[in-house]
Amino acid sequence: MADVSETEDDNPPEDFTLSTSRGPYTTHNGPFFHKVTADGFVHGVRVKKRHCNSRGITHGGMLMAFADGLLGTAVWRETQTVALTVRMNSDFLSSARPGEWLEGTARVTRATKSVAFCEAELYVGSRPVLRATGVFKLMPRHKNIG
C-alpha cells in the first residue's frame, strides 16, 4: 500500500461523522469517526503512519486504546454512567496498515449496579484485527466530564 501522508484526507466511508467530543488523548491519536446503526454504533479511523510500529503495521497499543474507547462507549450507551476500565483482555488476530480503514464496535454483555462486562471487535473490511473483552467499574457519583 502507498505511504499515507499525515495530512492526507481521512476519507471515512459514507455515513461516518467526525467525532468531536473525545478526550485529549483520543483526539491526539485520531481523528476518529463514528456512526450510529440499528444494532448500536461503529467507530472508525483511517490508519496513518504515525499509528504504526517499526514494522509498518498498526501498533498494538493503538489498537488497544481504540478498543478501550469502544468498550467505554458501549458501557456509557447501556448504563448512562461514567465508568473506568478495570480489566481489558485483547486477542490480536491480524494487522492493519497505513491507508486502511479500521473500524469497530462493542456491546455490554452484562451489567450490575457496580460493574459492566463488555466485548469489542475491530475490523479492516471483513478481516478481524482484534477482539477484546473488558470489565468496567460504574461510577454513578461522578459526572460525565466528556
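Here the structure is a predicted model, which means the values were calculated and not measured.

Caption draft 1: Looking closely at unusual backbone geometry. The residue Asp-15 is not glycine, and still its phi comes out positive at about 80 degrees. Here Asp-15 is to be found in the segment before β1 (17–18). Here Asp-15 falls in the exposed class, since its relative accessible area comes to 56%. A positive phi is found at Gln-80, a non-glycine position, where the angle reads about 55 degrees. Within the secondary structure, Gln-80 is located in the loop between α2 (60–79) and β4 (83–92).

Caption draft 2: Focus on the packing of aromatic side chains. Evaluation of the coordinates by the stated rule reveals 3 aromatic pairs. Relative to Phe-66, the ring of Phe-32 lies with its centre 5.3 Å away and its plane at 20 degrees, an arrangement referred to as stacked. Linking Phe-32 in the loop between α1 (24–29) and β2 (33–37) with Phe-66 in helix α2, this pair joins segments that are 34 residues apart in sequence. Grouping residues by exposure puts Phe-32 and Phe-66 together as buried. Taking 5.9 Å as the distance between ring centres and 50 degrees as the angle between the ring planes, the aromatic pair formed by Phe-33 and Trp-101 counts as tilted.

Caption draft 3: Region of the structure containing the side chain of Arg-46. Mapped onto the elements of the fold, Arg-46 is located in strand β3 (residues 40–46). For Arg-46, a relative accessible area of 14% corresponds to the buried category. A distance of 3.0 Å separates a polar atom in the side chain of Arg-46 from the backbone oxygen of Gly-99. Not counting chain neighbours up to four residues away, the residues in contact with Arg-46 comprise Asp-10, Asn-11, Pro-12, His-51, Gly-99, Glu-100 and Trp-101.

Caption draft 4: Spatial organisation of the nonpolar core. Judged by nonpolar contacts, the single largest core of 28 residues is most densely connected at Leu-70, Leu-71, Val-75, Leu-102, Ala-106 and Leu-122. Elements that contribute at least two residues to this core include exactly β3, α2, β5 (101–111), β6 (115–124) and β7 (127–138). Considering every element that reaches this core, the biggest residue donor is α2, with 8 residues. The residues contacting Leu-71, other than those within four sequence positions of it, are Met-88, Ala-106, Cys-118, Glu-119, Ala-120, Ala-132, Thr-133, Gly-134 and Phe-136.

Caption draft 5: Local environment of the sheet that holds β6. A sheet is described by the order of its strands in space; here 7 strands give the open sequence β1-β2-β3-β5-β6-β7-β4, paired in antiparallel fashion. In this open sheet, the two edge strands, each paired with only one partner strand, are β1 and β4. Pairing between β4 and β7: 9 bridges, direction antiparallel. Paired with Asp-91 across the two strands is Arg-131, which belongs to β7.

Caption draft 6: Quick peek at α2. The end-to-end C-alpha distance of α2 is 28 Å, a good match for the 28 Å that 20 residues give at a rise of 1.5 Å each. When we look at burial in α2, the residues that qualify are Met-62, Leu-63, Phe-66, Ala-67, Leu-70, Leu-71, Ala-74, Val-75 and Thr-79. The inward-facing, buried residues of α2 abut α1, β3, β4, β5, β6 and β7. Looking one or two residues past α2, Gln-80 carries a phi angle of roughly 55 degrees, positive in sign.

Cut-offs used in this document
Residues numbered from 1 in each chain as written. Predicted model: local features only at pLDDT ≥ 70, side-chain atom pairs only at ≥ 80, totals over all residues. Heavy atoms only, no water. Helix = DSSP H or I, 4+ residues; strand = E, 2+ residues; numbered from the N terminus. Buried < 20%, exposed > 50% of the residue type's maximum accessible area, 1.4 Å probe, protein only. Phe/Tyr/Trp six-rings, centres within 6.5 Å; stacked < 30°, edge-to-face > 60°. Polar contact = N/O pair within 3.5 Å; in protein donor to acceptor, adjacent residues only side chain to side chain. Contact = heavy atoms within 4.5 Å. Core = buried A, V, L, I, M, F, W, Y, C linked by side-chain atoms within 4.5 Å. Pairing = 2+ DSSP bridges. Expected span 1.5 Å × (residues − 1).

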